[in-house]
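Examination of the molecular architecture
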Amino acid sequence: MAVQSFGITEPRPFGFDAAVEFPPSHLGEAEISRKAVKITNPNFKGKIFDYNLAVRSMLAKKQGDYTYFKSVMPSWDNTARKQNDAHIFVNSSPAAYQEWLEKVVKHSQKSLPADRRYVFVNAWNEWAEGTHLEPDRRYGYAYLQATSDAITKKTREGDWSILFVSHDANKGGAQEVLLNVVSWFKAHTNINVKVLCLQGGAWLHRFSNIVDTLVLDGTGQTDDDALLNQIEQFCG
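So, here is what we can say about the structure in this document. (Residues numbered from 1 in each chain as written. Predicted model: local features only at pLDDT ≥ 70, side-chain atom pairs only at ≥ 80, totals over all residues. Heavy atoms only, no water.)

A cluster of nonpolar side chains, contributed by Met1, Tyr118 and Phe120, occupies part of the molecular surface with about 260 Å² of accessible area. Take Phe120: it is sitting in strand 8 (residues 120-121). Phe120 sits in the partly exposed class, given a relative accessible area of 30%. (Patch = residues over 30% accessible without salt bridge, like charges linked within 9 Å, V, L, I, M, F, W, Y side chains within 5 Å. Areas by Shrake-Rupley, 256 points an atom, 1.4 Å probe, with all protein chains shown as cover. Salt bridge = Lys/Arg side-chain N within 4 Å of Asp/Glu carboxyl O. Helix = DSSP H or I, 4+ residues; strand = E, 2+ residues; numbered from the N terminus. Buried < 20%, exposed > 50% of the residue type's maximum accessible area, 1.4 Å probe, protein only.)

Before going further, it helps to examine the packing of helix 3 (residues 94-111) against helix 4 (residues 142-152). Two elements in contact, helix 3 and helix 4, have axes separated by 9 Å at closest approach and are oriented at 30°. Relative to helix 4, helix 3 is oriented roughly parallel. Our pair here, helix 3 against helix 4, has a crossing hand that is right-handed. Across the interface between the two elements, Pro94, Tyr97, Gln98, Leu101, Glu102 and Val105 of helix 3 pack against Ala142, Tyr143, Ala146, Thr147, Asp149 and Ala150 of helix 4. For the contact of helix 3 with helix 4, the per-class residue count stands at 8 nonpolar, 2 polar and 2 charged. (Axes fitted to C-alpha atoms, helices over the stretch in contact; angles between N-to-C directions. Parallel < 35°, antiparallel > 145°, perpendicular 65-115°, else oblique. Left-handed = near helix turned anticlockwise from the far one by under 90°. Contact = heavy atoms within 4.5 Å. Nonpolar A, V, L, I, M, F, W, Y, C, P; charged D, E, K, R; others polar.)

To continue, consider the sheet that holds strand 2 (residues 18-21). Strand order across the open sheet formed by 3 strands is 1-2-5, with parallel pairing between neighbours. Edge positions in the open sheet fall to strand 1 (2-4) and strand 5 (67-69), since each of these has one partner strand only. Within this sheet the neighbouring strands show an average axis-to-axis angle of 25°, counted without direction. As defined by bridge partners, strand 1 adjoins strand 2 across 3 bridges and the pair is classed as parallel. Pairing of Ala2 across the sheet is with Ala19, part of strand 2. (Pairing = 2+ DSSP bridges.)

Tracing the chain through its elements places Arg138 in the loop between strand 10 (131-132) and helix 4. When the C-alpha atoms of Arg138 and Thr213 are compared, they prove to be 30 Å apart, with 75 residues separating the residues in sequence. A polar side-chain atom of Arg138 sits 3.5 Å from a polar atom in the side chain of Tyr139. (Polar contact = N/O pair within 3.5 Å; in protein donor to acceptor, adjacent residues only side chain to side chain.)

You can see Val121 is positioned in strand 8. Once the C-alpha coordinates of Val121 and Gly46 are considered, the two residues, 75 residues apart in sequence, prove to be 24 Å apart. Once residues within four sequence positions are removed from consideration, Val121 is found in contact with Val72, Pro74, Tyr97 and Leu133.

On to the sheet that holds strand 11 (residues 161-166). The strand order 11-12-13 describes an open sheet built from 3 strands, whose pairing is parallel. Each edge of the open sheet carries a strand with a single partner, namely strand 11 and strand 13 (212-215). Recorded for the sheet is a direction-independent mean angle of 20° between the axes of neighbouring strands. Here 6 bridges tie strand 11 to strand 12 (residues 192-197), and the two strands are oriented parallel to one another. Bridge pairing links Ser161 to Asn192 in strand 12. Docked against the sheet, helix 7 (residues 224-235) engages strand 11, strand 12 and strand 13, running at close to 170° with respect to strand 13.

Here the focus is helix 4. Structural remark: α-helix, 3.6 residues per turn; residues separated by three or four positions point the same way. Among the 11 residues of helix 4, 8 are classified as buried, and the element is accordingly described as predominantly covered. Listed as buried for helix 4 are Tyr143, Leu144, Ala146, Thr147, Ser148, Ala150, Ile151 and Thr152. Here the buried face of helix 4 lies against helix 3, strand 10, strand 11 and helix 5 (173-188).

Moving on: the state of the cysteines. Summed over all chains, the structure comprises 0 disulfides. The thiol sulfur of Cys197 is not disulfide-bonded, and the nearest other cysteine sulfur, from Cys235, lies at 13 Å. The exposure class assigned to Cys235 is buried, which follows from its relative accessible area of 17%. (Disulfide = S-S within 2.5 Å.)

Before going further, it helps to examine the nonpolar core. Judged by nonpolar contacts, the single largest core of 41 residues is most densely connected at Tyr97, Trp100, Phe164 and Phe185. Those elements giving two or more residues to this core turn out to be helix 1 (51-60), helix 3, helix 4, strand 11, helix 5 and strand 12. It is helix 3 that contributes the most residues to this core, 6 residues altogether. Other than its neighbours up to four places away in sequence, Phe164 contacts Trp124, Leu178, Val181, Val182, Phe185, Val193, Lys194, Val195 and Leu196. Counting 6 residues, the second-largest nonpolar core is a separate cluster that includes Leu227, Ile231, Phe234 and Cys235. (Core = buried A, V, L, I, M, F, W, Y, C linked by side-chain atoms within 4.5 Å.)

Written as structure tokens, this is what we have:
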């Protein structure tokens, strides 16, 4: 599966038979004038985009004759990484994100077979890019709640699964937050929640005690197709 970023749109020239969107890539049409917002940094040379325009643009995109997965993003502001050359999306909110995700879920249900109804979110904790589902001081758990509400609005909760991917199960702040999040989903929804850890760690037992957990480097698979098949079976 090819990621539609850095100029890539058609997956087949790169040896892939499917593609996944990667907002905020390919969203030049959502750019607005810097005069439309109040900029306090006199050295700012970046670009300003409107989140709602980006949503409309992404939903209107026409897919090719290949398997095509749609994606959403909660927000975007990569000032931490790009400083004066940042790309910033204004007017994002949990409500706007939920509305976008609801429409993507509906599209996936209509356009994809049952075993390929995947929806992608960019991202779980891209703090340097200003896009994260992980709870923060401003919105708390609002983006996680919006995700749950969008998935369950038009479907039975049990029809959907959420796969959280963690670098590892070591002791750390991000891992602690993820444990709290999956615990919340288990306690408050009937959504099937699973965790894929790229590596193990001291807290692996904590993950396994809450949800089904697979450690990627512990599968023993060396063949890519066999590994993909095992992950698909794990995801259900």
